Amino acid sequence: MAAQRDRFSTATRLRALGEQAAARVYRAQSRRLSGPRRPGGPPRRSRLTGRAALLALVVCSLVVALAYPLRQYVQQRSEIADQRRQAEEAAAQVEELRDAKARWQDDAYVERQARERLRYVRPGEIGYLLPDASAGESDERLRTRGSSAPRPWHQNLWDGIDRADRPR
């Protein structure tokens, strides 16, 4: 009975396991040192262990799980940059409009615009209109009309209204 008890004791089992592990390590080291296997020998075991496969699975899962949020983050950063650019453009446009408003508050600017755009003259002044191709009409249109000077804007406006009323 003492022999059976000794066979199943913890110390005996640990000693047997240690001897088995030492034998495995010795065999593995001797295989590694002996070089490549002979063609007739047993096939080599794959280097992919269970732990490596699990690690690869975890890494792939993380890549898949993080791909969509990362893409969303990059897309949102791009949208933020676009919105900032649009805000800067709007601020520049507001500044230009403020400058234009300030210019229109000046009476001298208003008078100059009336003289240039509407061809206004002060009482007692004589206004001259010279033919100018850059004013929107070509020399050919001026000759067909029989006049050497461009017409005032209001005559062009009424002619356009009359032409719109006529059937084609």
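Reference entry: report on the structure contained in this document. Given the structure is predicted, the values throughout are model-derived calculations rather than measurements. (Residues numbered from 1 in each chain as written. Predicted model: local features only at pLDDT ≥ 70, side-chain atom pairs only at ≥ 80, totals over all residues. Heavy atoms only, no water.)

Moving on, we get to the overall build of the chain. The secondary structure content of the chain amounts to six helices and zero strands. In the chain, the succession of helices and strands from N to C terminus is α-α-α-α-α-α. Within the span of the chain, comprising 168 residues, buried residues form 4% of the whole. At a minimum sequence separation of 6, the contacts of the chain that also span at least 24 residues come to 15%. Summed over all atoms, the accessible surface of the chain reaches about 15800 Å², with 57% contributed by carbon and sulfur. (Helix = DSSP H or I, 4+ residues; strand = E, 2+ residues; numbered from the N terminus. Buried < 20%, exposed > 50% of the residue type's maximum accessible area, 1.4 Å probe, protein only. Contact = heavy atoms within 4.5 Å. Areas by Shrake-Rupley, 256 points an atom, 1.4 Å probe, with all protein chains shown as cover.)

Below, the discussion takes up the side chain of Gln-113. Tracing the backbone through its elements, the reader meets Gln-113 in helix H4 (residues 107-117). For Gln-113, a relative accessible area of 8% translates into the label buried. With near-sequence residues (within four places) excluded, Gln-113 lies in contact with Trp-104 and Leu-118.

So, about the pattern of salt bridges. Considering all chains together, one arrives at six salt bridges under this definition. With a shortest N-O distance of 3.0 Å, Arg-85 and Glu-89 are connected by a salt bridge. One end of the pair is Arg-85 and the other is Glu-89, both in helix H3 (residues 50-105) and four residues apart, which spans about a single turn. Arg-85 sits in the partly exposed class, given a relative accessible area of 39%. With its nearest N and O atoms 3.0 Å apart, the salt bridge here joins Glu-125 to Arg-115. (Salt bridge = Lys/Arg side-chain N within 4 Å of Asp/Glu carboxyl O.)

With that settled, the discussion passes to the packing of aromatic side chains. A full pass over the atoms with the stated rule returns one aromatic pair. The interplanar angle of 85 degrees and the centroid separation of 5.1 Å between the aromatic rings of Trp-104 and Tyr-109 together place this pair among those described as edge-to-face. Residue Trp-104 is classed as partly exposed on the basis of its relative accessible area, which comes to 39%. (Phe/Tyr/Trp six-rings, centres within 6.5 Å; stacked < 30°, edge-to-face > 60°.)

Turning our attention to H3. End to end, H3 covers 82 Å across 56 residues, agreeing with the expected 82 Å (1.5 Å per residue, within 8%). For H3, the principal kink sits at Ala-67 and spans about 35 degrees; a proline, Pro-69, occurs within the next four residues. (Expected span 1.5 Å × (residues − 1). Bend = angle between axes of the 7 residues up to and from the residue.)

Contact geometry of H3 with H4 gives a least axis separation of 5 Å together with a crossing angle of 90 degrees. Of the possible angle classes, the one that applies to H3 and H4 is roughly perpendicular. Across from Arg-103, Trp-104 and Gln-105 in H3, the residues of H4 making contact are Asp-107, Tyr-109, Val-110, Gln-113 and Arg-117. Along the lines of polarity and charge, the residues of the contact of H3 with H4 split into three nonpolar, two polar and three charged. (Axes fitted to C-alpha atoms, helices over the stretch in contact; angles between N-to-C directions. Parallel < 35°, antiparallel > 145°, perpendicular 65-115°, else oblique. Nonpolar A, V, L, I, M, F, W, Y, C, P; charged D, E, K, R; others polar.)

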